[in-house]
Amino acid sequence: MDNRKYLKKSIKKFLRKEVGFGCPVSGCRLPFLEYHHFDPPYSEGKIHNQDGMIAFCPTHHNQADQGAWSISDMHQMKKEKNREPVKGRLEWSIRESILIAGNNYFMGAPFKFRVKGVEVFGLEQDRKGRLLINSLLWNKKGEVVALINRNDISVNHLNIGDLNCMASGKKIRVETSDSSNYFEVCFDRIPVEDLIRKVIDKMKGEEGDVIAKQIGSFKRREKDGTLCLLTFKCRIETEQVKITIDSSNINMDFTGTGTDSANLTDRFFEENATLSIKGVSNNKSPIELLYLGK
C-alpha cells in the first residue's frame, strides 16, 4: 500500500514553516503546497523523513519530480533564511453560494462579519457576479499578519504560526504565532437537492419551507444543479471581545465590555437578514461589538 497520503500533520506543518509557508522557488512564494520526497525519493525509501523532504507548489513539485533541481539544490532551499512574503490568489469561480458559520446558514453575497467595527470576513461580487473573499487576521498586539483582499492572499510569514493552504485551493487556514487567533475558509460544491433535504430535516415547518424555496431559486440559476458551500471558522480575541466560530456554533464573549455572552447556532439568515450587537464604550458612547449580515 502507498502510504504517502498518511503523512503526519506535524511533518506537514514543519515543512510549511521551514519554507516560510510559501513555495521556496525564487519568484514563486505561492502558499498552495505539496510535499516532495527527494533524499531519498519516495520510490526508493518509502519513508517520510522530513530532513529529506521539501514543500513545493504543485507546478514546482511536478518539476522537481522531473529532476529540475539536484538533491543539494533542494537541501539549500530548505536552509534559505531570507524569503519574500507569501502571496497567492484564490482562483475560485463561484457565483452562487451559501455561507456556513457556526452551523448557521447565510444566503448569498454580499456578507460582512465585523468585530468592534473591523471587518474580519466578507463576501462581495465582481462585475461578472463572481464571488470575492475578504478576510483579516491580527495577533494579540493588534498587528495584521494575514490578509485576503478580493481573493488576493498576502501573509507576513515571519509573524504567523501556520499557513495551511490545500494545493487544490479549496481550503486556507492561518494561525497567529501565539495561536490566539485564526481564520479558516473552505468551499465545496454539493447538489442543491441534497442541501434542500438537509434544510427541511433541520428546520421543520414554515421556516424550513421558506428557506428551501430560496435555495431552490439558486438551482434555477446554476446550470449544473450544484451549489457552493463556503465554511468559515475563526477565533478572534481583542482586549474586550472574544469570538469563536467553530463547526457547532458562534460563541460571543462580551463580558469585557459589561455585556452578556451569547451563542448562535442552527439559524438560517435570508439574503437581507442581519444581526447587530451593540454595547457601551468606557466613555459611555455606543459601540458596535459584532455585526453579521449584508
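For the structure itself, look to the data block above.
Here goes a summary of the coordinates provided.

Criteria and cut-off values
Residues numbered from 1 in each chain as written. Predicted model: local features only at pLDDT ≥ 70, side-chain atom pairs only at ≥ 80, totals over all residues. Heavy atoms only, no water. Salt bridge = Lys/Arg side-chain N within 4 Å of Asp/Glu carboxyl O. Buried < 20%, exposed > 50% of the residue type's maximum accessible area, 1.4 Å probe, protein only. Helix = DSSP H or I, 4+ residues; strand = E, 2+ residues; numbered from the N terminus. Contact = heavy atoms within 4.5 Å. Polar contact = N/O pair within 3.5 Å; in protein donor to acceptor, adjacent residues only side chain to side chain. Pairing = 2+ DSSP bridges. Axes fitted to C-alpha atoms, helices over the stretch in contact; angles between N-to-C directions. Arc of directions from axis to C-beta.

## Digging into the pattern of salt bridges
In total, this model carries 11 salt bridges according to the counting rule given. With its nearest N and O atoms 3.0 Å apart, the salt bridge here joins Arg173 to Glu175. The class for Glu175 is buried, based on a relative accessible area of 15%. Measuring nitrogen to oxygen at the nearest pair gives 2.8 Å for the salt bridge that ties Glu184 to Arg173. In this pair, Glu184 is assigned in strand β13 (residues 182-191) and Arg173 in strand β12 (residues 171-176), connecting sequence segments 11 residues apart. On the accessibility criterion, Arg173 (23% relative accessible area) is partly exposed. Salt bridges here are not isolated pairs; linked through shared partners, they connect Arg89, Glu91 and Asp152.

## Quick word on the environment of Asn104
Mapped onto the secondary structure, Asn104 falls in strand β5 (residues 104-107). Between the C-alpha atoms of Asn104 and Thr231, which are 127 residues apart in sequence, the distance is 9.9 Å. Setting aside residues up to four positions removed in sequence, Asn104 forms contacts with Leu99, Ile250, Leu264, Thr265, Asp266, Arg267 and Phe269. Side-chain polar atoms of Asn104 contact the backbone oxygen of Leu264, separated by 3.0 Å.

## Focus on unusual backbone geometry
Looking along the chain, the bond that leaves Asp39 and enters Pro40 is cis, with omega of 5 degrees. Even without glycine at this site, Phe21 takes up a positive phi of about 65 degrees. Looking at where Phe21 falls in the secondary structure, it is placed in the loop between α1 (9-18) and β1 (34-37). Among the residues examined, Phe21 registers a relative accessible area of 1% and is labelled buried. Its identity is not glycine, yet Lys116 carries a phi of approximately 50 degrees, on the positive side. Summarising the element assignment, Lys116 is placed in the loop between β6 (111-115) and β7 (118-125).

## Description of the sheet that holds β7
Here 8 strands make up an open sheet; going across it, the order is β3-β10-β9-β8-β7-β6-β20-β19 and the pairing antiparallel. For this open sheet the edge positions go to β3 (86-89) and β19 (274-280), each flanked by a neighbour on one side alone. Neighbour-to-neighbour, the strand axes of this sheet turn through a mean angle of 15 degrees, independent of strand direction.

## Considering the pairing of β7
Looking at chain direction, β6 and β7 are connected through 5 bridges and run antiparallel. In the sheet register, Phe113 faces β7, and the bridge partner there is Phe121. Note that β7 and strand β8 (residues 131-138) share 5 bridges and pair antiparallel. Note on β8: the bridge partner recorded for Glu124 is Leu132.

## Concerning the side chain of His61
Relative to the elements of secondary structure, His61 occurs in helix α3 (residues 58-65). Take His61: its relative accessible area is 13%, and that puts it in the buried class. Apart from residues lying up to four places away in sequence, His61 is in contact with Glu34, Tyr35, His36 and Phe56.

## Some words on α1
Every buried residue of α1 is listed here: Ile11, Leu15, Arg16 and Glu18. Take α1 and look down its axis: the buried residues cluster within an arc of 165 degrees, on one side only. More than 90 degrees from the buried face of α1, the exposed residues found are Lys9, Ser10 and Lys17. In this fold, the buried residues of α1 make contact with β1, β2 (53-56), α4 (71-79) and β11 (160-165). A positive backbone phi angle near 70 degrees is found at Gly20, which sits one or two residues after α1.

## Things to note about the pairing of strand β9 (residues 144-149)
Consecutive residues of a regular strand have side chains that alternate between opposite faces of the sheet. In the sheet, β8 pairs with β9 via 4 bridges, with the strands oriented antiparallel. Paired with Leu136 across the strands is Leu147, a residue of β9. The hairpin turn running from β8 into β9, its antiparallel successor, is 5 residues long, and Gly142 in that turn takes a positive phi close to 85 degrees. Inspection of the sheet shows β9 paired to strand β10 (residues 152-155) by 4 bridges, in the antiparallel sense. Bridged to Ile148 within β10 is Ile153. In this antiparallel pair of consecutive strands, β9 and β10, the connection spans 2 residues, and Arg150 shows a positive phi of 50 degrees.

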